[in-house]
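# Structure assessment
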Amino acid sequence: MSAKTIDVVTLGCSKNLVDSERVMKMLSDAGFEVTHDAGSFSGDIVVINTCGFIGDAKEESVETILEAVQAKNDGIVGRVIVMGCLSERYRDDLIKEIPEVDRWYGKFDWKELVADLAKERHQTATYDRVLTTGPHHAYLKIAEGCNRFCAFCAIPLITGRYKSRPIDEIADEVRMLVSRGVSEFNVIAQDLSSYGTDIYGEKSLARLIDCIAVIPGVKWIRLHYAYPSDFPYDILQSMNSHKNVCHYLDIALQHISDNVLANMRRHITGDETRKLIAEIRAAVPDIHLRTTLMVGFPGEGEREFEQLLDFVKEVRFERMGAFAYCEEEDTFAARNFTDSIPDQVKQRRLDRLMAVQEEISLEIQQQKVGKILKIVIDREDDDYYVGRTQWDSPEVDPEVLVKKQSVLKIGGFYDVRITEALPFELIAEIVD
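These numbers were taken from a predicted model, which means no experiment stands behind them.

### Structural notes on the overall build of the chain
When helices and strands are counted, the chain shows 13 helices and 18 strands. In terms of overall dimensions, the chain has C-alpha extents of about 60 × 60 × 45 Å along its principal axes. The buried share of the chain, reckoned over its 432 residues, is 55%. Looking at the chain alone, contacts between residues at least 24 apart form 74% of all its contacts between residues at least 6 apart.

### So, the sheet that holds strand β5 (residues 103-104)
Pairing is parallel in the open sheet, where five strands are placed in the order β2-β1-β3-β4-β5. A single partner strand is all that each edge strand has here, and the edge strands are β2 (33-36) and β5. In this sheet, strand β3 (residues 45-50) lies alongside strand β1 (residues 5-10) in parallel orientation, the contact comprising five bridges. When the sheet's bridge partners are listed, Val 8 is paired in β3 with Val 47. Sitting on the sheet, helix α3 (residues 85-97) is in contact with β3, β4 (79-84) and β5, with an inclination near 125 degrees to β4. Sitting on the sheet, helix α4 (residues 110-117) touches β1, β3, β4 and β5, and the angle it makes with β4 is about 165 degrees.

### Quick notes on the packing of aromatic side chains
The full count for this structure, using the stated rule, is seven aromatic pairs. Aromatic side chains Phe 297 and Tyr 325 sit 4.9 Å apart centroid to centroid with 75 degrees between the ring planes, which places their arrangement in the edge-to-face category. One end of the pair, Phe 297, is in the loop between β12 (288-295) and α11 (302-315); the other, Tyr 325, is in the loop between β13 (319-324) and α12 (332-336), and 28 residues separate them in sequence. The two residues Phe 297 and Tyr 325 agree in class, both being buried. The interplanar angle of 70 degrees and the centroid separation of 6.1 Å between the aromatic rings of Phe 332 and Phe 337 together place this pair among those described as edge-to-face. Each residue in the set Phe 152, Phe 297, Tyr 325, Phe 332 and Phe 337 is aromatic and connected to the rest through ring pairs, giving one cluster. When the ring centre of Tyr 200 is taken as reference, the NZ or CZ atom of Arg 207 above it lies at 4.4 Å. Over the ring of Phe 332 we find Arg 265; its NZ or CZ atom is 4.1 Å from the centre of that ring.

### Comments concerning helix α7 (residues 205-213)
Residues of α7 that are buried include every one of Leu 205, Ala 206, Leu 208, Ile 209, Ile 212 and Ala 213, and no others. For α7, the buried positions fall inside an angular range of 160 degrees around the axis, keeping them on one side.

### Comments concerning the pairing of strand β11 (residues 245-251)
Buried residues dominate β11, accounting for seven of its seven residues. For strand β10 (residues 220-226) and β11, the ladder comprises three bridges, and the chain directions are parallel. Across the sheet, the residue bridging to Leu 223 is Leu 249, located in β11. In this fold, β10 hands off to helix α8 (residues 234-241), which returns the chain to β11; that crossover is right-handed. Alignment of β11 against β12, held across three bridges, turns out to be parallel.

### Some points on the sheet that holds strand β18 (residues 425-430)
Strand order in the closed barrel made by the five strands is β14-β15-β16-β18-β17, with mixed pairing throughout. When strand polarity is set aside, the average angle formed by the axes of neighbouring strands in this sheet is 55 degrees. Taken together, the six bridges between strand β17 (residues 413-422) and β18 define a ladder with antiparallel strand orientation. Its bridge partner being in β18, Arg 417 is matched across the sheet by Glu 429. Of the strands in this sheet, β17 and β18 are in contact with helix α13 (residues 343-366), which crosses β17 at around 130 degrees.

### Brief notes about unusual backbone geometry
Despite not being glycine, Tyr 225 has its phi angle at roughly 75 degrees, a positive value. In this fold, Tyr 225 is placed in strand β10. For Tyr 225, a relative accessible area of 26% corresponds to the partly exposed category. Phi is positive for Arg 316, which is not a glycine, with a value near 55 degrees.

### As for a negative patch on the surface
Together, Asp 56, Glu 59, Glu 60, Glu 63 and Glu 67 make up a negatively charged patch on the protein surface. One can find Glu 60 in helix α2 (residues 55-73). Under the relative-accessibility criterion, Glu 60 is labelled partly exposed at 41%.

### Notes on the packing of α2 against α3
At a minimum axis separation of 11 Å, α2 and α3 run at an interaxial angle of 80 degrees. The angle between α2 and α3 falls in the class roughly perpendicular. For the pair α2 and α3, the contacting residues are Lys 58, Ser 61, Val 62 and Ile 65 in the first and Leu 86, Arg 89 and Tyr 90 in the second.

### With respect to the environment of Leu 131
Tracing the sequence through the fold places Leu 131 in the loop between α4 and β6 (137-141). Among the residues examined, Leu 131 registers a relative accessible area of 26% and is labelled partly exposed. Once the C-alpha coordinates of Leu 131 and Leu 177 are considered, the two residues, 46 residues apart in sequence, prove to be 9.0 Å apart. Excluding anything up to four places from it in sequence, Leu 131 contacts Glu 21, Ala 138, Leu 177 and Val 182.

Criteria and thresholds
- Residues numbered from 1 in each chain as written.
- Predicted model: local features only at pLDDT ≥ 70, side-chain atom pairs only at ≥ 80, totals over all residues.
- Heavy atoms only, no water.
- Helix = DSSP H or I, 4+ residues; strand = E, 2+ residues; numbered from the N terminus.
- Buried < 20%, exposed > 50% of the residue type's maximum accessible area, 1.4 Å probe, protein only.
- Contact = heavy atoms within 4.5 Å.
- Pairing = 2+ DSSP bridges.
- Axes fitted to C-alpha atoms, helices over the stretch in contact; angles between N-to-C directions.
- Phe/Tyr/Trp six-rings, centres within 6.5 Å; stacked < 30°, edge-to-face > 60°.
- Lys NZ or Arg CZ within 6 Å of the ring centre and 35° of its normal.
- Arc of directions from axis to C-beta.
- Right-handed = clockwise from strand over helix to strand, strands pointing away.
- Patch = residues over 30% accessible without salt bridge, like charges linked within 9 Å, V, L, I, M, F, W, Y side chains within 5 Å.
- Areas by Shrake-Rupley, 256 points an atom, 1.4 Å probe, with all protein chains shown as cover.
- Salt bridge = Lys/Arg side-chain N within 4 Å of Asp/Glu carboxyl O.
- Lys, Arg positive; Asp, Glu negative; His and termini not counted.
- Charge placed at Lys NZ, Arg CZ, Asp CG, Glu CD.
- Parallel < 35°, antiparallel > 145°, perpendicular 65-115°, else oblique.

Here it is as structure tokens:
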């Protein structure tokens, strides 16, 4: 067991992953040998970056901590350290419940964590990090926190108020990552729509994207987690102005019923939502919209759910995920509504919604058969190279399986012809 080895384990979202990557760089600069999600606990120290968003994520975080503690008791690892959203929100309770953990840190206590572990302090650029996503793509976190305070969401309670990063700093990070071989940037924030309002006094997402799109070596930029209210329409012009800004937008809509949207405190109506989607698609006709919807929120009766189902059939999202409402303590919903919809009803609604979406997804995928599309290659499997189009974000969207006709480069961009469509995969061959 090496006293210089640290295994960092990341749970939760891509924003958490970026935090882990930054901590790993700081630890590496301090002289430690750092691994990420090694598959099994090993080494002297395990650092677990937890998620505290919803019930399932919190349960997974606690289970992972307990597994690490067991590994410590078995002599497999030396120390267990916990950071991230779960410990930011529940640190006092966790210290009492799991005393075997050696140290607890919040979501933003990176410097303290590294200082406590390292004998000497080393200066690391705030945006520098060890990439865990592969050599060619990275997540680019442009802001932290959220000011929206949706009724169901605990994220503002964990991360605090919205805080944009300066454009110059983000551009420097992009240049650094390009110099290391990154060509695809997935821009992330809890709320892209508010970017810049706190430091520039106006919505500045388009200004930021215009800046990084002209940096040499940036081949794809993809946008995640726009908020529908106060949507920055000028970002659509950026998509049309720059060939490397993907025609893709992740925008969580949650629902379409006016009653449910009001209960959720989403600051938008069903008609305004439909108008927004129509304007986005009119401005960028081939755009692929990814959204997230919620079933079972207080006030969603059968009528409201049928409205949501009809909305999905009407709008035909290219990409869609959904989940059932889970009450989170201290949120507006927990304080003001009763979670009275039975779990089996929520699950039945969720299953119906996703069954409809699977049919829609297959039909949209089938429209690509015969077309020539540009893809990036992510990895090589036994029978196929696996890639993605500009409309596919890593981990969450469909992949393109390319028949092995010739040797392809991981991270390389190629034109392929789509030969077959499945609901969540495309089969393709290289175009000579």
